[in-house]
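# Geometric and topological summary
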Amino acid sequence: EPEVTQTPSHQVTQMGQEVILRCVPISNHLYFYWYRQILGQKVEFLVSFYNNEISEKSEIFDDQFSVERPDGSNFTLKIRSTKLEDSAMYFCASSSSGGAETQYFGPGTRLLVL
Amino acid sequence: ELKVEQNPLFLSMQEGKNYTIYCNYSTTSDRLYWYRQDPGKSLESLFVLLSNGAVKQEGRLMASLDTKARLSTLHITAAVHDLSATYFCAVNLNAGNMLTFGGGTRLMVKP
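On a predicted model such as this, the values are computed, not experimentally measured, just so you know. (Residues numbered from 1 in each chain as written. Chains lettered and ligands numbered in written order. Predicted model: local features only at pLDDT ≥ 70, side-chain atom pairs only at ≥ 80, totals over all residues. Heavy atoms only, no water.)

## Points about the interface of chain B and chain A
Residue-level contacts link 22 residues of chain B with 21 residues of chain A. In this assembly, chain B and chain A are joined by zero salt bridges. Between the two partners, chain B and chain A, sit nine residue pairs in polar contact (both at pLDDT 80 or more). Where the side of chain B that touches chain A is concerned, the elements lending two or more residues are strand 4 (32–37), strand 5 (43–49), strand 9 (85–92) and strand 10 (99–101) of chain B. (Contact = heavy atoms within 4.5 Å. Salt bridge = Lys/Arg side-chain N within 4 Å of Asp/Glu carboxyl O. Polar contact = N/O pair within 3.5 Å; in protein donor to acceptor, adjacent residues only side chain to side chain. Helix = DSSP H or I, 4+ residues; strand = E, 2+ residues; numbered from the N terminus.)

Structure representation (structure tokens):
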């Protein structure tokens, strides 16, 4: 069964460093998403991406964040200058279309900023 | 701003018992999703409810949606230990792509 994959599974970084989280969505999906979950808290939407551009973003997704689909398979989230409060589990998701379609989540990248 | 609230936040129950998890949301929507999350794992899609009165069942879990009451329920029948997990509801507004999640219900089923 096709699934969303993410790398790395864990990342530790120093405050102020740049990190890139990588995702490979399900191959025939067209919509891609990033969510995050701070330990013990609810899952929060960051951004959705379609047709090589951002379609929606939340207040969390400020200028420190960017997304890119550098090739036909990868979808990346970059945090330019990490802060302590960026420590969280970051989930990538994809769906075949937007709106009501089910979003399928990857296994997550646990980011720890020291 | 859409708010999604679940209750209870934590539920400990015996195997064989029935219980219901509630998901209330603040703004009209007819797109509601239930996900399951095991500790340290990702979110697994359980149900998609797309209209008022929608009811879906899978095994011991049954989900329903009342859009007029802005309420969805996840009913557990004859719970088994394997159902122990955190259950999240999520709402999608206005055909957008953003899911707004509830705070989750951590379910623990004791043998």
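## Some details on the environment of Leu111 of chain A
Of note, Leu111 of chain A is situated in strand 11 (residues 109–113). Discounting residues that sit within four places of it in the chain, Leu111 of chain A has contacts with Gln11, Thr13, Val19, Ile79, Asp86, Ser87, Ala88 and Tyr90 of chain A.

## A few points about the state of the cysteines
This structure, assessed with the given rule, holds two disulfides over all chains. Covalently, Cys23 of chain A is tied to Cys92 of chain A through a disulfide, its sulfur atoms 1.9 Å apart. Between Cys23 of chain A and Cys92 of chain A, the disulfide has an S-S torsion of -65° and is therefore left-handed. One end of the pair, Cys23 of chain A, is in strand 3 (residues 19–24); the other, Cys92 of chain A, is in strand 9 (residues 88–95), and 69 residues separate them in sequence. Of the two residues examined, Cys23 of chain A and Cys92 of chain A, each falls in the buried class. Two residues share a disulfide in this structure: Cys23 of chain B and Cys89 of chain B, whose sulfurs sit 2.0 Å from each other. Classification of the bridge connecting Cys23 of chain B and Cys89 of chain B rests on its S-S torsion, roughly 80°, and on that basis the disulfide is right-handed. Taken together, the residues Cys23 of chain B in strand 3 (residues 19–25) and Cys89 of chain B in strand 9 connect sequence positions 66 residues apart. The same class applies to Cys23 of chain B and to Cys89 of chain B, which are both buried. (Disulfide = S-S within 2.5 Å. Buried < 20%, exposed > 50% of the residue type's maximum accessible area, 1.4 Å probe, protein only.)

## Here's the deal with the nonpolar core
Residues and elements named next belong to chain B. In terms of nonpolar packing, the biggest core is built from 25 residues, with Leu32, Trp34, Leu74, Ile76, Tyr87 and Leu107 touching the most fellow members. Those elements that provide at least two residues to this core are strand 2 (10–14), strand 3, strand 4, strand 5, strand 7 (61–66), strand 8 (71–76), strand 9 and strand 11 (105–110). The element that contributes the greatest number of residues to this core is strand 9, accounting for four residues. (Core = buried A, V, L, I, M, F, W, Y, C linked by side-chain atoms within 4.5 Å.)

## Considering the side chain of Arg36 of chain A
All names here are of chain A. Along the chain, the position of Arg36 falls in strand 4 (residues 31–37). On the accessibility criterion, Arg36 (10% relative accessible area) is buried. Among all residues touching Arg36, those that are not within four sequence positions of it are Lys42, Val43, Glu44, Leu46, Ile60, Glu85, Asp86, Ala88, Met89 and Tyr90.

## Observations concerning the packing of aromatic side chains
On inspection of all chains with the given rule, the structure shows 14 aromatic pairs over all chains. Seen from their ring centres, Tyr31 of chain A and Tyr50 of chain A are 4.2 Å apart, and the 10° between their planes marks the pair as stacked. With Tyr31 of chain A in strand 4 and Tyr50 of chain A in strand 5 (residues 43–50), the pair connects residues that are 19 residues apart, well separated along the chain. Overall, the relative accessible area of 15% leaves Tyr31 of chain A in the buried class. Ring centres 5.8 Å apart and planes at 85° place the aromatic pair Tyr35 of chain A and Phe101 of chain B in the edge-to-face group. Taken together, the positions of Tyr35 of chain A in strand 4 and Phe101 of chain B in strand 10 put the pair across two chains. Considered together, Tyr35 of chain A and Phe101 of chain B belong to a single accessibility category, that of buried residues. (Phe/Tyr/Trp six-rings, centres within 6.5 Å; stacked < 30°, edge-to-face > 60°.)

## Things to note about the pairing of strand 8 of chain B
On any regular strand, side chains alternate: one points to one face of the sheet, the next to the other face. Residues and elements named next belong to chain B. Of the pairings in the sheet, the one linking strand 3 to strand 8 comprises six bridges and is antiparallel in character. Paired with Ile21 across the strands is Leu74, a residue of strand 8. Alignment of strand 7 against strand 8, held across six bridges, turns out to be antiparallel. The partner of Asp66 across the bridge, within strand 8, is Leu71. (Pairing = 2+ DSSP bridges.)

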